[in-house]
Amino acid sequence: MRALLAQTRTELMLSLRNGEQLLVSIAIPLLLLVFFSSVDVLPLPDGVDKGVQFLAPGILALAVMSSAMVSLGIGTGFERQYKVLKRLGTTPLGRPRWVGAKIAMVLCLLVIQTSVLIAASFALGWSPGGTPVLAPLAILLGASAFGGIGLLMAGTLRGTLTLALANGLYLVMLLLGGMIIPFDQMPGPIGTLGRTLPSGALSQVMQSCLRDGAPSAGSAWIILALWAVLAPAAAARFFRWE
Amino acid sequence: MSFPKGDTPAIEVDDLTIRYGDHVAVAGLSFRAEPGRITALLGPNGAGKTSTVETLEGYRTPTSGAVRVLGLDPHRDHAALVGRIGVMLQSGGVYSGIRPLEMLRLFASYYEAPADPVELLDLVGLTDRQRSTWRSLSGGEQQRLSLALALIGRPEVAFLDEPTAGIDPSGRQLIRRVIADLRSEGVAVLLTTHDLDEAEKLADQVVIIDHGRLLADAPPAELMRSAETDEVRFGAPADLDIAALADRLAAPVAEVSPGEYRVAAAGTPAMVAALTAWLAEQDLPLGDLRVGRQTLEDVFLRLTESAAVSTEAAANGATSRRARRSRR
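In this text the structure is predicted, and so the values were computed from the model without any measurement.

Caption draft 1: Highlighting the overall build of chain A. Scanning chain A from terminus to terminus reveals 10 helices and 0 strands. Its C-alpha atoms give chain A a radius of gyration of 18 Å, near enough to 18 Å, the size a compact globule of 242 residues would have. Each of the 242 residues in chain A was classed as buried or not, and the buried ones make up 51%. Counted over contacts in chain A with a minimum sequence separation of 6, partners at least 24 positions apart contribute 80%.

Written as structure tokens, this is what we have:
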């Protein structure tokens, strides 16, 4: 338990000390939220009159993707490249506690991110609706899906390649995932593709949890749950420690 | 430590063979390392040192043969063993954004009865670098922190891979002092190195391997004694009148390379006196003078060269060339 706590504290401290990771996990989502809530340039879904009503759930989904996939993936990728994981292999820490500390670190980051983003959303006049009690479950499923993708990259590619790919995926999944641009504003096939991505599934679920009048997200929950199981399973299967 | 010195070997390597596809990295290697002794595993790059050590650390499994560390199988009994060994990798192994004391404290949390992180930091001379992150430490400072991390769990066996490679002289002295102190604490130290000077100065036992085979396994002094030869070597200006010198010494003299001479005779004090007298008469300078005893480097070169020759002779030429190339 002492080792798990020390490991978690170290993981969290290192990611908060890392400027680029903070930029991706807090500054960019916050900037997008504030900018597009204040400046009416983005299309909104039919029946939504205020930007923040649509943006707040989408940006919360984006925050999950940034900490669970980008921060976790890039951090772990470089730890693997710099032989930290190899070195840990000959200590009594063990893989279960290492994985436990990574999960705890992502959960702590999520608490910090969502607190900041929810506070900012309220300041921008957000009034959440839908079924908010389900939002934490959606966030956890999303974290599992994105964390699996991040670790899959980190455990199979070089650190620099993980860095590039994680950032590329982040942008693609942001644009196609219905997080800031509504699906009903996209051409049909692109919208269909977007809805099957983990980002698309999570943003639909978050909309239904946090916005009155959002489309029901039954199939999105199923897609999200599939990603949440398959991505970590693939990571566990293909992860190489060296 | 609890077990008496020399009773149980801390490390046993028994007919170890490691193959990667067609390439044989280690071929039937056997040796032991005892508690309270520093054993140097010495060999050129690609000799099989790292494969051997990584097998002992549990990172890989033998193709055939067996290894034991503290009587345990490093792979199967990994969980029972990791708390009792310390590992220093050749490079890396530390979070790039972490500070030395943070890393030591983190590692200390993994062990039941760790050493004191602050004392250990002081021991390796990094107390004044506490505010720096790993990535801003110099190569030598990184090596010293890696050494401290290998020792934080008070290991019974320490695996140190090239601990002083690419380090400035003062850092090297410090690392050697710390390693030498482990001996008195009863730790079995297995040191991988291709630095002969290091093996000669530090090790109680030297295990020389090349092409995955054992070439020698003895204390350094014994290795050097075994290589004693009846010859005197000296350096002086090139193109001496070696015929005249041979007459004076009543022994054959050869100029093995320009300015480098060999007298084929036992290096008795009388022989040395005659040689230096002759040089003095002609007002010639004496560059260096070596008698009898060779350095470990001479032994090492002789052993690894003859191993290379015999391997070449024994193996099918094409196969052995391919094997050597793939190792690079």
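Caption draft 2: Region of interest: the pairing of strand β3 (residues 38-42) of chain B. Residues and elements named next belong to chain B. In terms of residue burial, β3 counts as a mostly covered element, since 5 of its 5 residues are buried. Neither face of β3 is open: one carries Ile38, Ala40 and Leu42, the other Thr39 and Leu41, and all of them are buried. Strand direction decides the pairing type here: β3 and strand β7 (residues 188-193), joined by 5 bridges, are parallel. Across the sheet, residue isoleucine 38 finds its bridge partner in β7, namely valine 189. Two elements, β3 and strand β8 (residues 205-210), share 4 bridges in a ladder whose sense is parallel. Its bridge partner being in β8, leucine 42 is matched across the sheet by isoleucine 208.

Caption draft 3: Fine view of helix α5 (residues 95-123) of chain A. All names here are of chain A. In this model, α5 (29 residues) spans 42 Å end to end at C-alpha, consistent with the 42 Å of a helix rising 1.5 Å per residue. The set of residues buried in α5 consists of Trp98, Ala101, Lys102, Met105, Val106, Leu109, Leu110, Gln113, Thr114, Leu117 and Ser121. Directly after α5, the chain includes glycine 125, whose backbone phi takes a positive value near 90°.

Caption draft 4: Fine view of unusual backbone geometry. Residue and element names in this part refer to chain B. Within the chain, aspartate 239 stands out as a residue other than glycine whose phi angle is a positive 60°. Assignment of secondary structure puts aspartate 239 in the loop between β10 (232-235) and α9 (242-249). Positive phi values are uncommon outside glycine, yet alanine 250 reaches one of about 55°. Counting through the fold element by element, alanine 250 comes out in the loop between α9 and β11 (253-257).

Conventions we followed
Residues numbered from 1 in each chain as written. Chains lettered and ligands numbered in written order. Predicted model: local features only at pLDDT ≥ 70, side-chain atom pairs only at ≥ 80, totals over all residues. Helix = DSSP H or I, 4+ residues; strand = E, 2+ residues; numbered from the N terminus. Rg over C-alpha atoms; globule rule 2.2 N^0.38 Å. Buried ≥ 20, exposed ≤ 12 C-beta atoms within 10 Å, placed from the backbone. Contact = placed C-beta atoms within 7 Å. Pairing = 2+ DSSP bridges. Expected span 1.5 Å × (residues − 1).

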